[in-house]
Amino acid sequence: MASVLFVVSAADVWTQKDGSVHPTGYWAEELAVPHQLFSDAGWDITVATPNAVAPTLDKMSLGEGAGDPKDLEKISAYLDSIKSELDAPKSLADVNEADYDLVFYPGGHGPMEDLAVDAVSGALLKQRLAAGTPLALLCHAPAAILAAKNEDGTNAFAGKQVTAFSNTEEESTGLAENAKWLLESELVNAGVKYDKAAEDWSSHVVVDGNLYTGQNPQSSEELAKRILADLDK
């Protein structure tokens, strides 16, 4: 049986440039859709967060405009069905990435607050990348890459092909103006080779060796299915 470690943000706010905080957490579709696809495939799933804090659902991810209402109802029902699992995550510091066939980071703005500066997560990502074993980050979750530093201060992912939530998509949410930094720009500054879809909000997946990334919530299903297809070979 294949196994997957879901590394989920423990943040419930995103600190803004003016010092205010924006309520956030994980994005419903980005956790629920891959989780269900992996579960349906018979995979064993473990959820971990920084300090074993139960992750917070970003309420906006189930609100008006977040997707088709019927799809959102199904996503909400699935999250309810795994509530006990989400409410009792393991501590990220207590898991060994080598024990899992896949490490998967769902997004939401939460990773911009905590995983982007989390040394434990950064070390895990470095180890995973170096080991050449499957690693996936979705939407805002590639912010965690920023914490994966080499001893000389360079980023361990420099030169890797990735996608992530784009600056123009962030601008369309209305949150870019007050953001301390934008994900696409910071990834480029870190030396990664950033790629995005021709049109915002369309599904886009990039694969570079063992590294899988998805651009936005719309990429959740395609990303998970690509991983399933590759790992089942």
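Values in this document were obtained by computation on a predicted structure and should not be read as measured data.

### Things to note about the sheet that holds strand β4 (residues 44-49)
At step 1: Judged by pairing direction, the sheet is mixed, and its seven strands sit side by side in the order β5-β4-β1-β6-β7-β11-β10 without closing on themselves. In this open sheet, the two edge strands, each paired with only one partner strand, are β5 (90-91) and β10 (205-208).
At step 2: Examined bridge by bridge, β4 and β5 share two bridges and lie parallel to one another. Bridge pairing in β5 places Thr 49 opposite Ser 91.
At step 3: Across the sheet, helix α1 (residues 28-40) lies against β1 (3-7), β4, β6 (102-105) and β7 (135-138), angled at about 170° from β1, the strand it touches most.
At step 4: The sheet strands contacting helix α8 (residues 220-231) are β6, β7, β10 and β11 (211-214), and the helix crosses β11 at an angle near 160°.

### Comments concerning helix α2 (residues 69-81)
At step 1: Counted at 1.5 Å a residue, the expected span for α2 with its 13 residues is 18 Å, and the 18 Å between its end C-alpha atoms agrees.
At step 2: Within α2, burial applies to Leu 72, Ile 75, Tyr 78 and Leu 79. Each buried residue of α2 sits inside an arc of 125° when the element is viewed along its axis, so together they form one side. Facing away from the buried side of α2 by more than 90 degrees, the exposed set consists of Pro 69, Lys 70, Glu 73, Lys 74, Asp 80 and Ser 81.
At step 3: Where α2 is buried, its residues meet α1 and α3 (83-86).
At step 4: The backbone nitrogen of Lys 70 lies 2.9 Å from a side-chain oxygen of the residue at the head of α2, namely Asp 68.

### Re the pairing of β10
At step 1: One ladder, built from four bridges, connects β10 with β11; its direction is antiparallel. From the neighbouring strand, Val 205 faces β11, where its bridge partner is Gly 214.
At step 2: Two successive antiparallel strands, β10 and β11, enclose a turn made up of two residues, where Gly 209 displays a positive phi of approximately 65°.

### Here we look at the side chain of Ser 121
At step 1: Note on placement: Ser 121 falls in helix α5 (residues 119-131).
At step 2: A relative accessible area of 0% means that Ser 121 is categorised as buried.
At step 3: A polar side-chain atom of Ser 121 sits 2.8 Å from a polar atom in the side chain of Tyr 105.
At step 4: Not counting residues within four places of it along the chain, the set of residues in contact with Ser 121 comprises Leu 92, Tyr 105, Leu 115 and Ala 144.

### Thoughts on the pairing of β1
At step 1: With five of five residues buried, β1 lies mostly within the body of the structure.
At step 2: Because side chains alternate across β1, one face comprises the buried residues Ser 3, Leu 5 and Val 7, and the other comprises Val 4 and Phe 6, equally buried.
At step 3: Pairing of β1 with β4 involves five bridges; the strand directions are parallel. In the strand pairing of β4, Val 7 is matched with Ala 48.
At step 4: For β1 and β6, the ladder comprises three bridges, and the chain directions are parallel.

### Let's talk about the side chain of His 22
At step 1: Position of His 22 relative to the elements: it lies in strand β3 (residues 21-23).
At step 2: According to the relative accessible area criterion, His 22 is buried, its value standing at 15%.
At step 3: Leaving out residues up to four positions away in the same chain, His 22 has contacts with Asp 12, Val 13, Trp 14, Gln 16, Met 60 and Leu 175.

### Some thoughts on the pattern of salt bridges
Oppositely charged side chains can form a pair if their charged atoms are brought close together.
At step 1: Summed over the entire model, instances satisfying the criterion amount to five salt bridges.
At step 2: In this structure, Asp 87 engages Lys 83 in a salt bridge whose closest nitrogen and oxygen atoms are separated by 2.5 Å.
At step 3: We classify Asp 87 as partly exposed; its relative accessible area is 41%.

### Describing the nonpolar core
At step 1: Counting 68 residues, the largest nonpolar core has Phe 38, Phe 104 and Tyr 105 as its most contacted members.
At step 2: Of all the elements, α1 adds the most residues to this core, at five residues.
At step 3: Residues in contact with Phe 104, not counting those within four places in the same chain, are Val 4, Leu 5, Phe 6, Val 7, Glu 30, Pro 34, Phe 38, Ala 136, Leu 138, Leu 223 and Ile 227.

### Here we look at the packing of α1 against α2
At step 1: For the pair α1 and α2, interaxial distance at closest approach is 9 Å and the crossing angle is 70°. Between α1 and α2, the angle is such that the two are roughly perpendicular. When you trace α1 past α2, the crossing you get is left-handed. Side by side, α1 and α2 meet where Ala 28, Glu 29, Leu 31, Ala 32, Val 33, His 35, Gln 36 and Ser 39 of the first sit next to Ile 75, Tyr 78 and Leu 79 of the second.
At step 2: When grouped by side-chain class, the residues that make up the contact of α1 with α2 number seven nonpolar, three polar and one charged.

Rules used throughout
- Residues numbered from 1 in each chain as written.
- Predicted model: local features only at pLDDT ≥ 70, side-chain atom pairs only at ≥ 80, totals over all residues.
- Heavy atoms only, no water.
- Pairing = 2+ DSSP bridges.
- Helix = DSSP H or I, 4+ residues; strand = E, 2+ residues; numbered from the N terminus.
- Contact = heavy atoms within 4.5 Å.
- Axes fitted to C-alpha atoms, helices over the stretch in contact; angles between N-to-C directions.
- Expected span 1.5 Å × (residues − 1).
- Buried < 20%, exposed > 50% of the residue type's maximum accessible area, 1.4 Å probe, protein only.
- Arc of directions from axis to C-beta.
- Polar contact = N/O pair within 3.5 Å; in protein donor to acceptor, adjacent residues only side chain to side chain.
- Salt bridge = Lys/Arg side-chain N within 4 Å of Asp/Glu carboxyl O.
- Core = buried A, V, L, I, M, F, W, Y, C linked by side-chain atoms within 4.5 Å.
- Parallel < 35°, antiparallel > 145°, perpendicular 65-115°, else oblique.
- Left-handed = near helix turned anticlockwise from the far one by under 90°.
- Nonpolar A, V, L, I, M, F, W, Y, C, P; charged D, E, K, R; others polar.

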